[in-house]
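Structural description and commentary
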Amino acid sequence: MAGHSKWANIKRQKAVVDAKRGKTFTQLSRAIIVAARSGVPDPALNFQLRTAIDKAKAASIPNDNIERAIAKGAGTNGGDNATFEAIRYEGYGPGGVAILIEALTDNRNRTAADLRVAFSKNGGNLGEVGCVSWMFDQKGVCVVQGVVDEEQLLEASLEGGAESYEMTEDEIAEVFTDIGNLETLNQTLKNQGFKVTDAELRWIPSNSVEVTDPDQARSLFKLIDTLEALDDVQNVTANFEISEELIALSIS
């Protein structure tokens, strides 16, 4: 299990001192549009849509905005024929750190150009598809809060088809499963009385690069912040390890 949650932990620690965390209305709305378009526009019957709506609500997006995004994805909104497609981009950051970017875009050329500029201005370079993805595995992840009995969590996780779990903070666990089993695991954990605060697909690095230089760390965080600020970008994942002390020093 070592390393499964390092990137998630880094993002959480960055969030303490970096006020610019969280997805924008545009990014979350696009996720709802794509989810509604790829399946039925009913969250009760569409797990991807249901999780996208949950994230939007957690970010305090008004219900009217959520309903409009669902209608747009279902094709019942009218007036906007933009078609968003999911694309994965790959590249290297400062120090050879591997970076995966998941995007939803209606203009591939614009997105690629924006990403190329972000990389070049921050000590990295956008690569070809496949240049770093071989260093990552995609897994389904359920984040569970209020875990007081690990034995009970283990039993529920095994019943739900989980591969493993990791306690990331006090009473907070991340449970990992095959991507096709995420909905089953999510429902099983909930049925067993656990509070699942997030259920998502996540890229897990199979190896990592240790960052020890403060200037390199600053450049890396600036690159990631720049990438995440782009409306087309949904998620950024990297394969570096860094001490908590250097995180605080680099983003203070």
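Below you will find a few notes about this structure. Counting from 1, residues in each chain are numbered in the order their sequence is written. Predicted model: local features are reported for residues with pLDDT of at least 70 only, side-chain atom pairs are reported and counted for 80 or more only, and whole-chain, interface and lining totals are derived from all residues. The basis for the side-chain values is all heavy atoms of the structure; hydrogens and waters are excluded.

1. Considerations on the overall build of the protein chain
The line we're drawing: Put simply, DSSP H or I for four residues or longer makes a helix, DSSP E for two residues or longer makes a strand, and each gets a number counted from the N terminus. Here's how the labels work: a residue is buried when its accessible area is under 20% of the maximum for its type, exposed when over 50%, partly exposed in between, all with a 1.4 Å probe on protein chains only. Contacts: residue pairs with any heavy atoms within 4.5 Å of one another. Here, Shrake-Rupley sampling with a 1.4 Å probe gives the accessible areas, and only protein chains in the shown set may cover a residue.
If you tally the helices and strands in the protein chain, you get nine helices and 10 strands. When burial is assessed residue by residue, the protein chain has 46% of its 252 residues classed as buried. Counted over contacts in the protein chain with a minimum sequence separation of 6, partners at least 24 positions apart contribute 71%. Accessible surface, the protein chain as shown: approximately 12300 Å² in total, 48% of it carbon and sulfur.

2. Some remarks on helix H8 (residues 214–229)
Basically, it comes down to this: Expected helix span is given by 1.5 Å per residue-to-residue step, counting one fewer step than there are residues. Pairs of N or O atoms are called polar contacts if they sit within 3.5 Å, as long as, within protein, a hydrogen donor faces a hydrogen acceptor (for residues adjacent in sequence, only side-chain-to-side-chain pairs).
Look at H8: 22 Å from first C-alpha to last across 16 residues, which is about the 22 Å you get at 1.5 Å a residue. Within H8, burial applies to Ala217, Leu220, Phe221, Leu223, Ile224, Asp225, Leu227 and Glu228. One side-chain oxygen of the residue at the start of H8 lies 3.1 Å from the amide nitrogen of Asp215, identifying that residue as Asp213.

3. Comments concerning the sheet that holds strand S2 (residues 98–105)
Each strand in a sheet pairs with another by means of backbone hydrogen bonds, the pair being arranged parallel or else antiparallel. Put simply, the rule is: A strand pair is defined by DSSP finding two or more bridges across the two strands. Fitting a line to C-alpha atoms yields each axis, with helices limited to the stretch in contact; the angle taken between N-to-C directions then spans 0 to 180 degrees.
The strand order across the open sheet formed by four strands is S3-S1-S2-S9, and the pairing between neighbours is antiparallel. The sheet is open, and its two edges are formed by strand S3 (125–126) and strand S9 (233–238), each paired on a single side. Of the strand pairs in this sheet, strand S1 (residues 85–92) and S3 are connected by two bridges, and their pairing is antiparallel. Bridging across to S3, Tyr92 finds its partner in Asn125. Helix H5 (residues 108–121) rests against S1, S2, S3 and S9 of the sheet, and its axis sits at about 25° to S1. Packing against the sheet, H8 makes contact with S2 and S9, and its axis sits at approximately 160° to S9.

4. A look at helix H2 (residues 25–38)
Across its 14 residues, H2 extends 20 Å between first and last C-alpha, which sits within 8% of the 20 Å expected from 1.5 Å per residue. Residues of H2 that are buried: Gln27, Leu28, Ser29, Arg30, Ile32, Ile33, Val34, Ala35 and Ala36.

5. Things to note about the packing of aromatic side chains
Just so we agree on the cut-off: Aromatic rings from Phe, Tyr and Trp, taking only the six-membered ring of Trp, are treated as a pair when their centres fall within 6.5 Å; an angle between ring planes under 30 degrees marks them as stacked, one over 60 as edge-to-face, and anything in between as tilted.
Going through the model one piece at a time under the given rule, you end up with one aromatic pair. Where Phe221 meets Phe240, the ring centres are 5.9 Å apart and the plane angle is 65°; that geometry is what we call edge-to-face. Remark: Phe240 occurs in strand S10 (residues 240–241) and Phe221 occurs in helix H8; sequence separation between them is 19 residues. Neither Phe221 nor Phe240 differs from the other in exposure class; each is buried.

6. Examining the nonpolar core
How we decide: We define a nonpolar core as any set of buried Ala, Val, Leu, Ile, Met, Phe, Trp, Tyr and Cys residues linked to one another through side-chain atoms lying within 4.5 Å.
Grouped together as the largest cluster of nonpolar side chains are 25 residues, with contacts concentrated most on Tyr89, Ile99, Ile101, Leu227, Phe240 and Ile242. Among the secondary structure elements, those contributing two or more residues to this core are S1, S2, H5, H8, S9 and helix H9 (244–251). Here this core gets six residues from one element, more than from any other, and that element is H8. If you look at the next biggest cluster of nonpolar residues, it comprises 16 residues, including Leu28, Ile33, Ala52 and Ile70.

7. Here we look at the pattern of salt bridges
Here is the rule we go by: For this analysis, a salt bridge means a side-chain nitrogen from Lys or Arg found within 4 Å of a carboxyl oxygen belonging to Asp or Glu.
Per the counting criterion, the structure on display carries 12 salt bridges. With a closest N to O distance of 3.5 Å, Glu183 and Arg50 form a salt bridge. A residue pair is termed long-range when its members are at least 10 positions apart, and Glu183 in helix H7 (residues 182–191) and Arg50 in helix H3 (residues 47–58) qualify at 133 residues. Take Arg50: its relative accessible area is 22%, and that puts it in the partly exposed class. A salt bridge links Arg110 to Asp106, with the shortest nitrogen-to-oxygen separation between them at 2.9 Å.

8. With respect to a negative patch on the surface
So the rule is basically this: Nonpolar side chains (Val, Leu, Ile, Met, Phe, Trp, Tyr) within 5 Å and like charges within 9 Å form the patches, drawn only from residues with over 30% relative accessible area and no salt bridge. Charge convention: Lys and Arg are scored as positive, Asp and Glu as negative, and His as well as the terminal groups of each chain are ignored. Every charge is mapped onto a representative atom, which is NZ of Lys, CZ of Arg, CG of Asp or CD of Glu.
Side chains of Asp149, Glu150, Glu151 and Glu155 sit close together on the surface and give a patch of like negative charge. Considering the arrangement of structural elements, one finds Glu155 in helix H6 (residues 150–159).

9. Points about the packing of H6 against H7
Threshold: Reported orientations rely on four angle classes, namely roughly parallel under 35 degrees, roughly antiparallel over 145, roughly perpendicular from 65 to 115, and oblique for the rest. For any helix crossing, the convention is left-handed if the near helix is rotated counterclockwise from the far helix by under a right angle, and right-handed if that rotation is clockwise. Three categories are distinguished: nonpolar for Ala, Val, Leu, Ile, Met, Phe, Trp, Tyr, Cys and Pro, charged for Asp, Glu, Lys and Arg, and polar for the others, with Gly belonging to the last.
Interhelical geometry of H6 versus H7 gives an angle of 140° and a closest axis separation of 8 Å. Between H6 and H7, the interaxial angle falls into the category oblique. The handedness of the crossing between H6 and H7 comes out as right-handed. Across the interface between the two elements, Leu153, Ala156, Ser157 and Glu159 from H6 touch Leu185, Thr188 and Leu189 from H7. Residue classes in the contact of H6 with H7 are distributed as four nonpolar, two polar and one charged.

10. Remarks on the sheet that holds strand S6 (residues 172–177)
As summarised here, the arrangement of the four strands in space is S5-S6-S4-S7, forming an open sheet in which the pairing is antiparallel. Looking at strand neighbours, the two that pair on one side only are strand S5 (164–169) and strand S7 (195–205), the edges of this open sheet. With direction set aside, neighbouring strand axes in the sheet form an average angle of 30°. The sheet contact formed by S5 and S6 spans five bridges and is antiparallel. Within S6, the position partnered with Met167 by the bridge is Ala173.

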